[in-house]
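Breakdown of the fold
Each chain, written out:
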Amino acid sequence: MAVKNIFEAVVGFNEPGIAQLVQKELDSGTNLDEVLNEGLIGAMDEVGRRFSEGELFVPEMLMAAQTMKAGLKILKPLLAEGTTESKGTVVIGTVKGDLHDIGKNLVAMMMEGAGFNVVDLGVDVETDAFIKAAQENKAKVIALSALLTTTMPAMEKTVKAVQEAGMPVATIVGGAPVTQAFADQIGANGYSDDAPGAVELARKLIAA
Ligand code: B12
């Protein structure tokens, strides 16, 4: 099965070869979700597992991330393809102290594909920057990503600041360590464990 080759390429840091493998797989008719979930995302889970077990270290984790990103580049036009009518603006970023951006980028791509105007603030984003960007762009949703348990408190800080500012904007949160219970606890308006779910949430919150 060739999706396995994509998985192996990420786990094996084959950055030069990944684009061709992903393209070949799509050309052969394999569905986009399978390439993404079983190939690319599945491989990052495996890399995380090997890191936890001490089999891999930060430089390898970074090489895998770069390989994943090179593969994602091929999928981007397909993920972002969709309606042209704007559904409203979403400000997105990875919270202060956190440099992980692959999941955040995926959410941004799918939001664009679903017709949202996306303002991506990048990684290590201060609370004030989220608030300023949301005000300037009249955003309807602020989407916060965190991959570290140590940066989850920065989500709470931003959600609370948005509430205190009395802004007409919904906050949604996600990232591997985040849960629905955590989202409820910090008063966020929504949580999803994947990018398609993030799009659904944004749609619902904007319609509400
Ligand atoms: C790649 C990676 C890195 C790369 C990041 C490169 C990059 N540009 O992103 C590098 C090497 C830089 C890195 C560094 C570190 N990392 Co790291 N990293 C990972 C790894 C292997 C994969 C993350 C990833 O990209 N997953 C794939 C994406 C697609 O998944 P995702 O981000 O979860 O996103 C999905 C959903 O969560 C959701 N989602 C994401 N964001 C949002 C937002 C919203 C609003 C919604 C609704 C949904 C949503 O949708 C996405 C798509 O489905 C994880 C392991 C893992 N399994 O998570 C460790 C991991 C997150 N890292 C970890 C650690 C410890 C670190 C370091 C502290 C290591 C060190 N000693 O220096 C540093 C921290 C640096 C920093 N300050 O941020 C730990 C965190 C442990 C913890 N409990 O906090 C993990 C879990 C590894 C492990 N098993 O121990 N890392």
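This structure is a prediction, so every number in the text was calculated from the model and none was measured.

With respect to the pairing of strand β3 (residues 141-145)
The buried fraction of β3 amounts to five of the five residues, a majority that puts the element mostly inside the structure. The alternating pattern of β3 places V141, A143 and S145 and I142 and L144 on opposite faces, both of which are buried. Of the pairings in the sheet, the one linking strand β1 (residues 89-94) to β3 comprises five bridges and is parallel in character. Residue pairing across strands places T94 opposite S145, the latter belonging to β3. Where β3 and strand β4 (residues 170-174) come together, five bridges link them in parallel fashion. The residue of β4 that forms the bridge with A143 is I172. Note on the crossover from β3 through helix α7 (residues 152-164) to β4: the handedness is right-handed.

Some remarks on the nonpolar core
Residues L40, L72, L75 and M111 are the most contacted members of the largest nonpolar core, which totals 42 residues. Taken together, the elements giving at least two residues each to this core come down to α1 (3-11), α2 (15-27), α3 (32-52), α4 (58-79), β1, α5 (102-113), β3 and α9 (195-207). Split by domain, the residues of this core number at least three in each of domain 1 (3-79) and domain 2 (89-207). With near-sequence residues (within four places) excluded, L75 lies in contact with V22, L26, L32, V35, L36 and L40. In terms of nonpolar packing, the next biggest core, distinct from the first, is built from 26 residues, M152, A154, V169 and F182 among them.

Focus: the packing of aromatic side chains
The full count for this structure, using the stated rule, is zero aromatic pairs. When the ring centre of F7 is taken as reference, the NZ or CZ atom of K4 above it lies at 4.6 Å.

Re the site of the ligand
If you check the shell around the ligand, you find 37 residues, and the closest are S52, L99, H100, D101 and S145. At a separation of 3.5 Å, a nitrogen atom of the ligand approaches a polar side-chain atom of K69. A176 has a polar backbone atom sitting 3.4 Å from an oxygen atom of the ligand. In this structure the site holding the ligand corresponds to the largest pocket. Per-element accounting of the shell around the ligand gives the leading share, seven residues, to α3. Its residues placed into classes, the shell around the ligand shows 21 nonpolar, 10 polar and six charged. Residues from two domains meet in the shell around the ligand; each of domain 1 (3-79) and domain 2 (89-207) gives at least three.

Digging into the packing of α2 against α4
When two helices pack together, their arrangement is given by the angle between their axes and by how far apart the axes lie. Interhelical geometry of α2 versus α4 gives an angle of 35 degrees and a closest axis separation of 8 Å. The crossing of α2 and α4 is right-handed. Every residue of α4 that contacts α2 at E15, I18, A19, V22, Q23 and L26 is listed here: Q66, T67, A70, G71, I74, L75 and L78. Residue classes in the contact of α2 with α4 are distributed as eight nonpolar, four polar and one charged.

Some remarks on the domain arrangement of the chain
When the domains of the chain are assigned, the result is domain 1 (3-79) and domain 2 (89-207). Each of domain 1 and domain 2 has a C-alpha centre, and the two are 24 Å apart. Contacts between the two partners involve nine residues from domain 1, matched on the other side by eight residues from domain 2. For the pair domain 1 and domain 2, the summed buried area comes to about 750 Å², and 82% of that belongs to carbon and sulfur atoms.

Conventions we followed
- As a convention, each chain's residues are numbered from 1 in the sequence order in which they are written.
- pLDDT decides what is reported in this predicted model: residues at 70 or higher carry local features, side-chain atom pairs at 80 or more are listed and counted, and totals for whole chains, interfaces and linings draw on all residues regardless.
- Note that water and hydrogens are dropped before the side-chain values are worked out from all heavy atoms of the structure.
- Categorising residues by exposure relies on relative accessible area from a 1.4 Å probe, with only protein chains included: less than 20% of the type maximum marks a residue as buried, more than 50% marks it as exposed, and the intermediate range marks it as partly exposed.
- Where helices and strands are cited, they refer to DSSP runs of H or I of at least four residues and of E of at least two residues respectively, numbered from the N terminus.
- At least two bridges found by DSSP between two strands are what make those strands a pair.
- The handedness of a crossover follows from its direction of travel: if, with the strands pointing away from the viewer, the path from the first strand over the helix to the second runs clockwise, the crossover is right-handed.
- By nonpolar core is meant a set of buried Ala, Val, Leu, Ile, Met, Phe, Trp, Tyr and Cys residues that side-chain atoms within 4.5 Å join together.
- An automatic or database domain assignment provides the domain bounds reported here.
- The criterion used for residue contact is that any of the two residues' heavy atoms lie within 4.5 Å.
- Here is the rule: rings of Phe, Tyr and Trp (six-membered ring for Trp) pair when centre to centre is within 6.5 Å. Planes less than 30 degrees apart are stacked, more than 60 are edge-to-face, and the remainder are tilted.
- We call a charge positioned over a ring when the NZ of a Lys or the CZ of an Arg lies within 6 Å of the ring centre and within 35 degrees of the ring normal.
- If even one non-hydrogen atom of a residue comes within 4 Å of a molecule or strand, that residue is called near it.
- By the criterion applied in these results, polar contacts are pairs of N or O atoms within 3.5 Å in which, for protein atoms, one can donate a hydrogen and the other can accept it, and in which residues neighboring in sequence qualify only through two side-chain atoms.
- Put plainly, a pocket is an open set of points on a 1 Å grid over the protein atoms alone with protein on both sides within 12 Å along at least five of seven lines, a cavity is a set where a 1.4 Å probe fits but cannot get out, and a lining residue has an atom within 4 Å of a point.
- To decide whether a molecule occupies a pocket or cavity, check its atoms: if more than half lie within 2 Å of the grid points, it is inside.
- Under the convention adopted here, Pro, Cys and the residues Ala, Val, Leu, Ile, Met, Phe, Trp and Tyr are nonpolar, Asp, Glu, Lys and Arg are charged, and Gly plus all remaining residues are polar.
- Axis geometry follows a simple rule: fit a line to the C-alpha atoms, using only the stretch in contact for helices, then measure angles between N-to-C directions, giving values from 0 to 180 degrees.
- Each crossing is labelled by how the near helix is turned from the far one, with a counterclockwise turn of less than a right angle marking it left-handed and a clockwise turn marking it right-handed.
- A simple way to read buried area is as the amount of 1.4 Å-probe accessible surface that goes missing from two parts once joined, with both sides added.

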